[in-house]
Amino acid sequence: MPHTLILLSPLAKRGGNYCTIKRIRNHLKSIGYKCHLEDPKLFQNHDEFVRMVDEDNIGILIGIHALRTGAFMKESNLPYIVILGGTDINEFSKDSHSLDIMTEVITKAKFVVCFSSTIRDKALALWPNISLSKLALIPQAVHTCVSSFNLMSYLFSQPEVNSLMTSSFQKPVVFSLIGGIRPVKNSTYLIPTFQEWHARDKRILLLIVGPKLDEHYCSTVFEPAVNKRPGVVYIPGLPMEDTHAIMSQSFAVVNSSDSEGMCLAILEAMHIGVPVLARNIPGNKAIVQDGVTGLLYDSPQEFIEKAESLTQCPDAYVTLTKNAKEYVHTYHNLEDERKKYVSLVECCIKDILASISSVAKSVPVHGDITA
């Protein structure tokens with residue numbers, strides 16, 4: 001019985017995919033599977049990947065992102081589970097060549113995991129011939145661990161912020177935007193809005209936290225938008241526990257992405273008990289009910305209206321966070337996620353064993369031949 005798996009994912013540390021694939025690995029390791037965690041970009045070519053599979057007696061593959069990991073998995077003769085991450089189905093599917101590759105990946109997959117019904121519906125629209133028995137709906141689970149990182153001490157250590165806060169003698173009201181810096185996250189979307197708000201109220205700060213994942217975008221778009229902008233502070237990616245500490249000490253967590261699969265930062269904020277103001281896009285609507293578990297906005301103007309209202313209404317703040325924590329506990333808990341991934345892996349193992357048994361029965365038994 002195969003007990004060794006490769007889990008493939010883009011492994012930009014402190015990114016959402018990294019957290020997700022580590023969590024899945026921990027689920028499987030907890031019941032005895034040996035798991036390799038690999039980034040497809042680190043293999044020089046497909047032959048190197050095949051050699052690793054053979055040498056380590058790999059039985060099953062699991063990968064996040066139908067294009068980036070699927071290109072490796074589809075060439076193997078192993079059963080594999082592909083997890084639709086977000087940019088694959090929302091962005092790369094718009095390119096015909098990428099869509100062709102992903103179509104082959106989906107066709108050959110044993111299971112296709114969707115984080116939400118929104119992603120599942122998009123998958124069915126792209127691949128109408130996909131077997132429904134192949135689709136598995138597994139919402140992302142959420143786990144948070146808050147460190148002792150002191151956000152206010154950090155902010156007051158920044159000369160520009162310190163001078164502003166010293167002159168106003170008031171505690172900053174921090175809105176945190178968490179995520180790797182790349183075009184699809186559109187981290188600059190609300191910067192002009194926050195600059196205007198900060199000009200009216202010096203307490204207001206937009207804190208952007210995340211590693212730079214796209215060098216060209218960062219140098220040409222992000223850095224010029226952020227550098228020396230009043231009211232905007234950027235912190236490169238931090239350990240997960242420190243990021244959770246920042247969330248816990250923020251007034252609210254903001255999402256401004258152009259598209260999402262299922263935003264882990266939103267779920268983490270809900271779990272910690274911090275209000276979420278998220279861009280009104282399908283991936284966010286799948287987990288945020290406007291006015292109930294968070295606030296959705298369609299434009300910078302609507303964002304500022306809802307954000308200002310929230311700062312002036314403590315009752316709404318309490319209600320949103322209470323509802324969000326209950327939602328996450330019900331629909332995004334670790335034990336449910338663990339059971340579902342373990343079940344998929346066990347189904348793959350059963351198919352492997354059945355295939356081995358079938359081959360064994362078809363091979364003639366050689367022995368003494370009697371007349």
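Residues numbered from 1 in each chain as written. Predicted model: local features only at pLDDT ≥ 70, side-chain atom pairs only at ≥ 80, totals over all residues. Heavy atoms only, no water.

As annotated in an unreviewed UniProt entry, the protein carries the name Glycosyltransferase 1 domain-containing protein 1-like isoform X2 and comes from Biomphalaria glabrata.

Enquirer: Lay out the overall build of the protein in plain terms, naming residues and giving numbers.
Expert: The helix and strand inventory of the protein stands at 16 helices and twelve strands. With respect to the three principal axes, the spread of C-alpha positions in the protein is 105 × 40 × 40 Å. Classification of the 371 residues of the protein by burial places 52% in the buried group. Within the protein, contacts between residues at least 6 apart in sequence are counted, and of these 70% link residues at least 24 apart. Put simply, the protein shows about 17,400 Å² of open surface, and 52% of that area lies on carbon and sulfur atoms. Separation of charge centres in the protein, based on 36 positive and 38 negative side chains, amounts to 3 Å. (Helix = DSSP H or I, 4+ residues; strand = E, 2+ residues; numbered from the N terminus. Buried < 20%, exposed > 50% of the residue type's maximum accessible area, 1.4 Å probe, protein only. Contact = heavy atoms within 4.5 Å. Areas by Shrake-Rupley, 256 points an atom, 1.4 Å probe, with all protein chains shown as cover. Lys, Arg positive; Asp, Glu negative; His and termini not counted. Charge placed at Lys NZ, Arg CZ, Asp CG, Glu CD.)

Enquirer: Tell me about the pairing of strand β11 (residues 276-279), residues and numbers included.
Expert: The two faces of a sheet get side chains in turn, since along a regular strand they alternate between them. Alignment of strand β10 (residues 252-255) against β11, held across three bridges, turns out to be parallel. Residue pairing across strands places V254 opposite L277, the latter belonging to β11. This β-α-β element, β10 to helix α12 (residues 264-272) to β11, shows right-handed connectivity. (Pairing = 2+ DSSP bridges. Right-handed = clockwise from strand over helix to strand, strands pointing away.)

Enquirer: Pulling in residues and values, what's your account of the sheet that holds strand β9 (residues 232-235)?
Expert: Taken together, the six strands give an open sheet; going across it, the order is β9-β8-β7-β10-β11-β12, and neighbouring strands pair in parallel fashion. If you trace the sheet from one side to the other, it starts and ends with β9 and β12 (295-297), each paired once. If you compare each strand with its neighbour and ignore which way they point, the axes differ by 25° on average. With six bridges connecting them, strand β7 (residues 173-178) and strand β8 (residues 204-209) associate as parallel partners. Within the sheet, the bridge partner assigned to L177 lies in β8 and is I208. The sheet strands contacting helix α9 (residues 191-200) are β7, β8 and β9, and the helix crosses β8 at an angle near 150°. The sheet strands contacting helix α14 (residues 300-311) are β7, β10, β11 and β12, and the helix crosses β12 at an angle near 155°. (Axes fitted to C-alpha atoms, helices over the stretch in contact; angles between N-to-C directions.)

Enquirer: Can you explain empty space enclosed by the protein? Please cite residues and give values.
Expert: Applying the stated criterion across every chain yields a total of two cavities of 30 Å³ or more. Each pocket or cavity is described by its volume, and for the largest cavity that value is around 70 Å³. Taken together, 13 residues line the largest cavity, and the ones lying closest to its centre are L177, I178, V254, N255 and S257. Every element with two or more residues in the lining of the largest cavity is listed here: β7, β10 and α12. (1 Å grid on protein atoms, 1.4 Å probe; cavity = no way out; pocket = protein on both sides within 12 Å on 5 of 7 lines; lining within 4 Å. Points joined across faces, edges and corners; volume = space filled by probe spheres on them.)

Enquirer: Go over the nonpolar core with me, naming the residues and quoting the values.
Expert: L5, L28, L84, M270 and V345 are the most contacted members of the largest nonpolar core, which has 86 residues in total. When residues no more than four places from it in sequence are discounted, the contact partners of L5 are L28, Y33, K34, C35, H36, I58, I60, I62 and V345. Core analysis: the next-biggest nonpolar cluster, separate from the first, contains 30 residues, L190, W197, C218 and A225 among them. (Core = buried A, V, L, I, M, F, W, Y, C linked by side-chain atoms within 4.5 Å.)

Enquirer: Summarise the sheet that holds strand β6 (residues 135-137); cite the residues concerned and give the values.
Expert: Read across the sheet, six strands follow the order β2-β1-β3-β4-β5-β6 without closing on themselves; strand pairing throughout is parallel. The sheet terminates laterally at β2 (34-38) and β6, the two strands that pair on one side only. With direction set aside, neighbouring strand axes in the sheet form an average angle of 20°. Of the pairings in the sheet, the one linking strand β5 (residues 111-114) to β6 comprises three bridges and is parallel in character. Looking at β6, one finds that C114 is bridged to L137. The strands touched by helix α1 (residues 16-29) are β1 (4-8), β2, β3 (60-64) and β4 (80-83); relative to β2, the strand with the most contacts, the crossing angle is about 170°. Taken strand by strand, helix α2 (residues 46-55) contacts β1, β2 and β3, and its axis lies near 155° from that of β1.

Enquirer: Quick rundown of the packing of α9 against α14? Include the residues and the values.
Expert: Contact geometry of α9 with α14 gives a least axis separation of 10 Å together with a crossing angle of 40°. Here α14 runs oblique to α9, going by the angle between their axes. For the element pair α9 and α14, the recorded crossing hand is right-handed. Contact residues: T193, F194, W197 and R200 in α9; P300, F303, I304, A307, E308 and T311 in α14. (Parallel < 35°, antiparallel > 145°, perpendicular 65-115°, else oblique. Left-handed = near helix turned anticlockwise from the far one by under 90°.)

Enquirer: With reference to specific residues and values, describe helix α5 (residues 96-108).
Expert: The end-to-end C-alpha distance of α5, which contains 13 residues, comes to 19 Å, matching closely the 18 Å that a straight helix rising 1.5 Å per residue would cover. Among the residues making up α5, those that are buried are S98, M102, V105 and I106. Buried residues of α5 fall within an arc of 95° about the axis and therefore sit on the same side. For α5, exposure combined with an orientation more than 90 degrees from the buried face picks out S96, H97, D100 and T107. Those residues of α5 hidden inside the fold are in contact with α3 (70-73), β4, α4 (87-90) and β5. (Expected span 1.5 Å × (residues − 1). Arc of directions from axis to C-beta.)

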